[in-house]
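The chain contents come next:
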Amino acid sequence: KPVKELTQHQAAEEAADLRPQLIDWGKQYYDADAPAVEDDVYDRVYARLVALETAFPAIVTADSPTQHVGGSARGDLPKVRHEIPMLSLGDVFSIDELKDFDARLRENVPANYAGFDYNCELKIDGLAINLHYENGKFVQGSTRGNGQIGEDITANLATLPSIPKTLTRPLTIDVRGECYMPKQAFLDLNQRREAQGQAPFANPRNAAAGSLRQLDVQVTADRKLATFMYNIADYDPLDTRTQSGLLDELAELGFSTNPTYQVAHDMDDVQAYITTYTGQRADLAYGIDGIVIKANPLPLQRAMGATVKVPRWAIAYKFPPEEVETVVTDIEWTV
Ligand SMILES: CC(C)(C)c1nc(N2CCN(c3ncccn3)CC2)c2cc(C(N)=O)c(N)nc2n1
């Protein structure tokens, strides 16, 4: 039936049927490189979902394929392999679990690192990216993807003023960080989209993801995206040997880094940092969804390594979500 003859409830029901179908088709196409259906079938169903959500913006859901990309949810971008995988992060949801993490880490560090410091960082709510430089020149930018394989979004990232084209030193490095959409830019964008009868983005992270994976880079350029860089795949080319020093050195090289990081000597300092920024969260110009606490000595990070997916030397403290029972993430300590 034509969308305009539907009630909102009917539109919501039809959209709820279409989303999982499109996501499933999209996954098969993207992951398996084997399109489940012909492009025209996918595109017709996708267009129907867009029509339903445009006519009834209230039915849009965060997981809708329309929220994640400019075009279809299909992997129409070339893929990039991260030579050094981009790790994930274990997470905890209470100070007690954080103290457990600290106690276990301190039990397991080599004796010469006893009493190591942490570095505390805000956990920016954006999209993790990798920036590859050769001899100090920006040559490729990509999304984190699944940690091993991401998407090439070089042209999109090249439009961001915060990403240096040339570093202050001719280094060949891979720098990782978060691309985000500031809160105000997000509000303005959604106002424009609704004024044009388009589905609004559910949150700034989806808006950043959708803005980065645009095939038309001018669209990306207009979205006021920003970055905070926080890691390097291999720190040997740098002078610093601490996480806090890394953030200073990345800034010296020309990167945008978040200035709120702080060295913590113990869990009391960490807790004070968490209290401070839990209170300031609403006033920040960008979204955060927690705090990341990292062992500060870089050689200790390397010594402790990572389990299959997560470093043993870092943890994300997540703000309590609305109503979800706490899930304890077990990091296996035996290799
Ligand atoms: C280098 C390590 C692995 C310790 C690391 N990993 C991070 N993340 C991993 C998981 N990521 C992820 N993303 C999508 C799916 C699964 N994991 C998203 C980035 C960090 C994210 C932030 C931030 N957001 O501000 C930050 N200040 N430091 C990070 N540090």
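See the structure above.
What counts, and at which threshold
Residues numbered from 1 in each chain as written. Predicted model: local features only at pLDDT ≥ 70, side-chain atom pairs only at ≥ 80, totals over all residues. Heavy atoms only, no water. Pairing = 2+ DSSP bridges. Helix = DSSP H or I, 4+ residues; strand = E, 2+ residues; numbered from the N terminus. Axes fitted to C-alpha atoms, helices over the stretch in contact; angles between N-to-C directions. Contact = heavy atoms within 4.5 Å. Expected span 1.5 Å × (residues − 1). Buried < 20%, exposed > 50% of the residue type's maximum accessible area, 1.4 Å probe, protein only. Arc of directions from axis to C-beta. Polar contact = N/O pair within 3.5 Å; in protein donor to acceptor, adjacent residues only side chain to side chain. Salt bridge = Lys/Arg side-chain N within 4 Å of Asp/Glu carboxyl O.

Participant: What exactly am I supposed to notice about the sheet that holds strand β4 (residues 127-134) here?
Facilitator: In a beta sheet, neighbouring strands are held together by backbone hydrogen bonds and run either parallel or antiparallel to one another. If you walk across this open sheet you meet the four strands as β5-β4-β7-β8, and the pairing is antiparallel. In this open sheet, the two edge strands, each paired with only one partner strand, are β5 (137-143) and β8 (226-232). Strand-to-strand twist across the sheet, computed as the mean angle between neighbouring axes with direction ignored, equals 30°. In the sheet, β4 pairs with β5 via six bridges, with the strands oriented antiparallel. Following the sheet pairing, tyrosine 133 is matched in β5 by phenylalanine 138. Together, β7 (173-180) and β8 form the strand contacts of helix α8 (residues 243-253), whose direction differs from that of β8 by roughly 130°.

Participant: Help me out: how do you make sense of the sheet that holds strand β3 (residues 118-124) in this one?
Facilitator: Pairing in this open sheet of five strands is mixed, and the strands run β2-β11-β10-β3-β9 from one edge to the other. The open sheet terminates on both sides in strands that have one partner only, identified here as β2 (91-92) and β9 (262-264). Alignment of β3 against strand β10 (residues 288-295), held across six bridges, turns out to be antiparallel. In the sheet register, leucine 122 faces β10, and the bridge partner there is isoleucine 291.

Participant: Is there a simple way to think about helix α9 (residues 267-280) in this case?
Facilitator: Along an α-helix, a turn takes 3.6 residues, which lines up residues three or four apart on a common side. Spanning 14 residues, α9 covers 20 Å between terminal C-alpha atoms, matching the ideal 20 Å at 1.5 Å per step. The complete set of buried residues in α9 reads Met267, Val270, Tyr273, Ile274 and Tyr277. What you see down the axis of α9 is that its buried residues fit within an arc of 115°, all on one side. Along α9, exposed side chains directed more than 90 degrees from the buried face belong to Asp268, Thr275 and Gly279. Elements that come into contact with the buried residues of α9 comprise α3 (95-108), β3, β9, β10 and β11 (314-318). You can read the cap of α9 off the contacts: a side-chain oxygen lies 3.0 Å from the backbone nitrogen of aspartate 268, and it is on aspartate 266.

Participant: Explain the pattern of salt bridges here, please?
Facilitator: Applying the stated criterion across every chain, the model contains eleven salt bridges. The salt bridge involving glutamate 14 is made with arginine 48; its shortest N-O contact spans 2.6 Å. Separated by 34 residues along the polypeptide, glutamate 14 in helix α1 (residues 8-32) and arginine 48 in helix α2 (residues 39-55) bring together distant segments of the chain. On the accessibility criterion, glutamate 14 (24% relative accessible area) is partly exposed.

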